[in-house]
Amino acid sequence: MKFIRKTFMFFAFACFSLAGTWTQARESTVSVQLTVPDGGWKVRIDRVYQTPTHLLAVSKLERNPGLAIQVISQAKDSIKVKAPKLPVRHFVLGKTWNWPNQEPVTFLSDPKELSKPIAGAKLVFQAKAKPAPKVPTKINYIVVYKKEVFTDGKNKEGETLEQ
């Protein structure tokens with residue numbers, strides 16, 4: 001009887017130990033999809049926090065400068081995080097339009113509004129910083145105007161084309 005009891009205890013201990021590592025080692029996919037005013041909008045999942053009952057995804061909406069298709073569009077992002085499969089609550093920063101979205105997300109106007117929902121939560125994902133935009137290098141040019149040479153917009157005397 002003692003042998004069966006010890007075997008059962010060993011087996012139960014092994015199962016609980018493995019169950020704990022399975023829960024921690026799982027990968028979950030966190031996705032966000034939003035309706036945006038035009039094709040120039042992008043959404044990026046910036047951070048994911050874990051609470052005992054939920055994953056909290058913090059995303060940022062940004063509009064790329066320049067031309068974009070002027071039709072209501074979808075912005076999407078998806079990432080994999082090392083966390084158990086739990087329901088996901090989305091918090092999104094950067095919305096500037098006034099119409100209500102149908103998606104089940106919470107739009108925040110200030111990052112400070114995040115402090116209460118994420119209090120006590122564990123950070124399980126943080127996006128890498130975006131690379132700094134490339135600064136255009138200075139371009140040298142030569143213009144010939146009415147038989148006078150202008151280098152970088154100025155002639156020998158320092159006069160410009162506008163003068």
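Provided above is the structure to which this section pertains.
Report follows, based on the coordinates. (Residues numbered from 1 in each chain as written. Predicted model: local features only at pLDDT ≥ 70, side-chain atom pairs only at ≥ 80, totals over all residues. Heavy atoms only, no water.)

## A word on the environment of D46
Topologically, D46 is positioned in strand β2 (residues 41-50). You can call D46 buried: its relative accessible area is 12%. Once the C-alpha coordinates of D46 and K60 are considered, the two residues, 14 residues apart in sequence, prove to be 6.6 Å apart. With residues up to four places along the chain from it excluded, the contact list for D46 reads V58, S59, K60, F125, Q126 and A127. At 3.3 Å, the side chain of D46 and the side chain of R47 are in polar contact. (Helix = DSSP H or I, 4+ residues; strand = E, 2+ residues; numbered from the N terminus. Buried < 20%, exposed > 50% of the residue type's maximum accessible area, 1.4 Å probe, protein only. Contact = heavy atoms within 4.5 Å. Polar contact = N/O pair within 3.5 Å; in protein donor to acceptor, adjacent residues only side chain to side chain.)

## Here we look at the nonpolar core
Grouped together as the largest cluster of nonpolar side chains are 21 residues, with contacts concentrated most on V30, L34, V48, L61, I79 and V81. Looking at this core, the elements that each hand over two or more residues are β1 (27-36), β2, β3 (55-63), β4 (73-82) and β7 (122-126). Discounting chain neighbours no more than four positions away, the residues touching V81 are R26, E27, S28, V30, V48, L55 and F125. (Core = buried A, V, L, I, M, F, W, Y, C linked by side-chain atoms within 4.5 Å.)

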